[in-house]
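# Understanding the architecture of this molecule
Next come the chains, spelled out residue by residue.
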Amino acid sequence: MVPTSYYILLSAILFTIGVVGVLVRRNAIIVFMSVELMLNSANLAFVAFARAFQTGNAVNAAAMSGQVFVFFVMTVAAAEVAVGLALIVAIFKNKHSIDVDQVHQLKG
Amino acid sequence: MHDSSTAFSLSSLVPLIVVFPLLGVILNMLVGKRLGDPWAGIIASLMSGLAFVIAVLQFIGLFLDNFHATTITLAEWIVIGTLKIPWAFQVDTLSVTMMLLVTGVGTLIHVYAIGYMKGDERFHRFFIYLNLFIVMMLFLVGGNNYLMLFLGWEGVGLCSYLLIGFWFDKGANGVGNARAGRKAFVVNRVGDFGFVLALFLIFWTSGSLIFNDSFKYFEEKAKEHATVTAPAPAKAVEAKPAEGHGESEGPTTEQIATAITLLLLVGAAGKSAQIPLFIWLPDAMAGPTPVSALIHAATMVTAGIYMIVRSNVIFHLAPTSQMVVALVGASTAFLAGSIAMGQFDIKRVLAYSTISQLGFMIAAAGMGAYVAAMFHLLTHAFFKALLFLSSGSVIHGVEHGHHALHAHGGGGHDHHDAHAHNAQSDSHAAQASAASPDHHEFDPQDMRNMGGLRKQMNVTFWVYLIGAIALAGVFPFAGFWSKDEILADAWLIGSKQPYGVAVYVLLSVAAFFTAFYMGRQVFMVFFGGERTDAAKHAHESSWVMLTPLVILAVLSVIGGALNLPKFIPGGEALGKWIEHSVEVHAVGFNLTVALISTGVGLFGIFLSYLVYGRSPMMTMTDPLERLGFVFRFLNGKWYVDELYQAIIIRPIEGFATFAAFALDWDLWHDFFHDTIIAGGFRWFSGFLAGFVDKGIVDRFFDGLGGFVRETALNFREFQTGYVRNYALMVLFGVVAVLGYFLFVR
Amino acid sequence: MTLDIIIFLVLATIAVLAALAMLLSDNAIYSALFLILNFSVVSVFYLMLNAPFIAMVQVTVYAGAIMVLFLFVIMLLGADKLRQPQTDIPWQQPLAILLGLVLLGVAAFAIVSRGSISIPSPLSDQMISAFGSPFELGKLLFTSYLFPFEVTSFLLLVAMIGAIVLTKEEKTKLHPRRPTKN
């Protein structure tokens, strides 16, 4: 059996990649995709843990709730993508660019 | 001495003596200006006359009451601790004598002044001052305590000042009269200083300023001292604790008495114009003649003598002081008499004569011959007042002659007693040039401008002559008796103590001087030919002025009857009278002295006849000027004023100038205030503003602000506006927290 | 080294590489495609973790819907052609990588030192089909997590509206007609 920690480690790596992607890339869409990646890695961790806590013959509701949570995360992610992309489009209409560095009017 | 117990006693009327003249003052102040000439004067004279009536009543009352002294207390004046001073009159023979003199002669002079001041624009004011003077003088002589005496003392000093400078806009340079008044006041003040110190001592030792209480204390002290034999330092005369000075015994009674009496002498020297404070009296001639007569001959100047006589108890305890007093008086008599011989102003001669005669009185008082002193005081009042008033008459006459000559409108004559009077020197030219343009070079008081006036002013001549002879001390006029008695006293003392000889010699020579200068004066003024046209046109004065003269002349003749020698029936009247109040030692009639003094007097007159009478002056040059330096010295008044000016006035003025300009203005104001205080303050505030405020505080806060700003600017860099940066920050936080939780906890 | 682990490692490598490629790719469409690949691989992982439903949902929703949406937008905006011009914050990249590595290090350390939960014995036969089945998931969704479920639906509605509103064209303001008096 693959130890849970492997999955978690993988999840951590993917998460890190996602984080770096958010920080480094300037294309707003790529940034967004990195965010999706992060969410996904979290999902992976959830599922791994859900499986890890399933012991015995009866379905452990606690364990199952891990997957339930993933379900919700995905829902939220979907909604978020919808809105986020709409935002990006709206910004693009204004600035004709999706470079996140262009949106720096909040400069102090 | 008891308070009168009869239902009604004349002595209870004594407050009225002050009330009447005071009423005169108030009346004249209120309506005097409207009443004008002569009614203001009539009111004043009336009030003075009423005061005289009261004085006479007191005289009678004393006779009825067997000469017992009474005290009439009106109210309490000062009650502080142990000091109790009432408003109270002492009615005894001594005070009544003075009261009679003051009010009597005073009234006569009031009447005279009605005529003399006629036409003056401040007529009523003159009589206000005169009446006020009477009030103050009566306080002086009537009070029963030293403080009332002092009150009167100061009051008459004030009136003297007011009256001397009555024509305050006249005189040399327009301020001469005012200066004379100020000089009188200031010099008097010096004497008053001594007097006040004496008062302090009297109160300090005896615990009271009331005459009788104080004298009782001193008498008791004297008795104690007499009974205590010498070798007992531990049992010395009771030393007041306050006077300890670390000695086991305090000063003796004699020492205290000497101190008190010497200080009293200082006061008397100021008021009665003795050495060294006599310089004010000649200048006081700047006042109108009635003032000179009343104040500076008859009454005010005698206050010093009265004061000494009144304080006889204390003087008896200090034989040293008595000697000093006598010598001062005798020296003054000598000095003033000599100066009088060299004066040209008619009033100045009389002024120095007054100083000289006052010297006689002071010497008498110093020798303990109080009766002689009072006697001479009275007689001198008569003939000196007479002489002054007559001289006023003469001056008026000459003035009118001058006016008539220059046809400067008849009417109101301007009063020029102080006309062109340079108070400092008698030099003819100086004063004349400072005169009003009207009378350039003509001084109506200069005897050299007179001559032969007995033709034009007959009555004046006769009364003047009587006064002069009386003053010279020729038998049987009043002056002879009183002066003679003083000389007899001096002779008597001289036989016991050496200083008496000096006194006798000085006084005799002074008597010689007196006769000489009076003779000189009479011959210069009334005999010979008129030296000026003004003298030719002089005319006699009005009856208003002449009547008092005549009365005074009569008194000068018969005045000797007051105190004839014992062997004459009715003799020693004054002596017996005064004896009730003052301890007197009667001195018998001394034929030798009498003969000597008569001889001296006659010799003086004869000499003056030789010089001035036989070949009367026809020019302005005085024959005595042949004496050269001597005459100049006498004419220059022994240069006493100049001496004082040099050693006292000049340094004081110099110091005052120094203090005012260098110290106060330059040093204090300019340097200290401006430079140090203002400058220092300015520097300090500048320092505070610049160095502290701008330099430190501002810089601190600027720095603080700057620091904040810099910090903010630096921190501002964080707000890049880039989303990625913000995300980076978040990541950074996450890592930190994670690390913290994992590794620290 | 069992077969599971080998398969896991291979798949993990693919996933990581795909993620990295997504990150590093210049072309946005390539990035999207790489991400889809990543999602697919993760889906396989789900299968391996006895979460078949989740796996399917992952493929349909994530890879199928979300990524397609992404692709639409990329192509709409022409993002694939966008170049990366000069950056104003050159220090951002290295710092980000560094911090990322730190994060990774910290996480790895935590996992390695503490997280040694091993997957227990394999599921029993009954469990294999029961655990992770839609039935079980649905049972939980509609009982314990009913409320969140409903809220989520509401959330989706809101997101939908939001998306529409945000992309709505600004209609030019019509001249306000004066209310005519009728």
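Residues take numbers from 1 onward in each chain, read along the sequence in its written order. Numbering of ligands from 1 and lettering of chains from A proceed in the order in which they are written. Given that this is a predicted model, residues contribute local features only at a pLDDT of at least 70 and side-chain atom pairs are listed and counted only at 80 or more, while totals for whole chains, interfaces and linings are drawn from all residues. Excluded from the side-chain calculation are hydrogens and water; included are all heavy atoms of the structure.

### Looking at a nonpolar patch on the surface
All names here are of chain C. Two joining distances apply to patches: 9 Å for like charges and 5 Å for nonpolar side chains (Val, Leu, Ile, Met, Phe, Trp, Tyr), and every residue must have over 30% relative accessible area and no salt bridge. Residue burial considers only the protein chains on display, and all accessible areas are found by Shrake-Rupley using a 1.4 Å probe. We define a salt bridge as a contact between a side-chain nitrogen of Lys or Arg and a carboxyl oxygen of Asp or Glu at a distance within 4 Å. On the surface, a nonpolar cluster with roughly 780 Å² of combined accessible area is contributed by Leu3, Ile6, Ile7, Val10, Ile14, Tyr30, Leu33, Phe34 and Leu37. Labels follow the DSSP assignment, with helices taken as runs of H or I lasting at least four residues and strands as runs of E lasting at least two, numbered in each case from the N terminus. Contributions of two or more residues to the nonpolar patch are made by α1 (3–24) and α2 (28–48). Of the residues forming the nonpolar patch, the biggest block, 5 residues, is contributed by α1. Tracing the chain through its elements places Leu37 in helix α2.

### Some remarks on the pairing of strand β2 (residues 83–91) of chain B
Regular strands place side chains that alternate from one sheet face to the opposite one. Residues and elements named next belong to chain B. Partly exposed residues are those whose accessible area sits between 20% and 50% of the maximum for their type, while under 20% is buried and over 50% is exposed, using a 1.4 Å probe and protein chains only. Taken across its 9 residues, β2 has 7 buried, putting it largely inside the fold. For strand β1 (residues 70–80) and β2, the ladder comprises 9 bridges, and the chain directions are antiparallel. Each bridged residue has a counterpart across the sheet, and for Val79 the counterpart in β2 is Lys84. If you look at the hairpin formed by β1 and β2, you'll find 2 residues sitting between the two strands, and Gly81 has a positive phi there, around 60°. Strand pairing is defined by DSSP finding a minimum of two bridges between the two strands.

### Section: the interface of chain A and chain C
Listed per partner, the contact involves 76 residues of chain A and 89 residues of chain C. By convention, the term buried area covers the 1.4 Å-probe accessible surface removed from two parts as they join, with the contributions of both added. Between chain A and chain C lies a buried interface of about 7,200 Å² when both sides are counted; carbon and sulfur atoms form 78% of it. Where chain A touches chain C, the interface holds 0 salt bridges. We define a polar contact as two N or O atoms separated by no more than 3.5 Å, with the added condition that, inside protein, one atom must be a possible hydrogen donor and the other a possible acceptor, whereas residues neighbouring each other in sequence contribute only through side-chain atom pairs. Counting across the chain A and chain C interface gives 8 residue pairs in polar contact (both at pLDDT 80 or more). Among the elements of the structure, α1 (4–24), α2 (28–53) and α3 (61–95) of chain A are those that each provide at least two residues to the side of chain A that touches chain C. For the side of chain A that touches chain C, the element with the highest residue contribution is α3(A), accounting for 26 residues. Residues were grouped as follows: Ala, Val, Leu, Ile, Met, Phe, Trp, Tyr, Cys and Pro as nonpolar; Asp, Glu, Lys and Arg as charged; and all remaining residues, including Gly, as polar. Among the residues forming the side of chain A that touches chain C, the class breakdown is 54 nonpolar, 15 polar and 7 charged. In what follows, residue pairs with any heavy atoms lying within 4.5 Å of each other are defined as contacts.

### Structural notes on the side chain of B:Lys483
Residues and elements named next belong to chain B. Its place among the elements puts Lys483 in helix α18 (residues 478–496). Positive charges come from Lys and Arg, negative ones from Asp and Glu, while His and the chain ends are left out of the count. At 10 Å, Asp484 is the nearest oppositely charged side chain to Lys483, a buried residue that forms no salt bridge. A polar atom in the side chain of Lys483 sits 2.8 Å from the backbone oxygen of Leu471. If we ignore the near neighbours within four places in the chain, the residues touching Lys483 are Gln357, Phe360, His376, Leu471, Ala472, Gly473, Ala511 and Thr514.

Keep in mind these values describe shape, not function.
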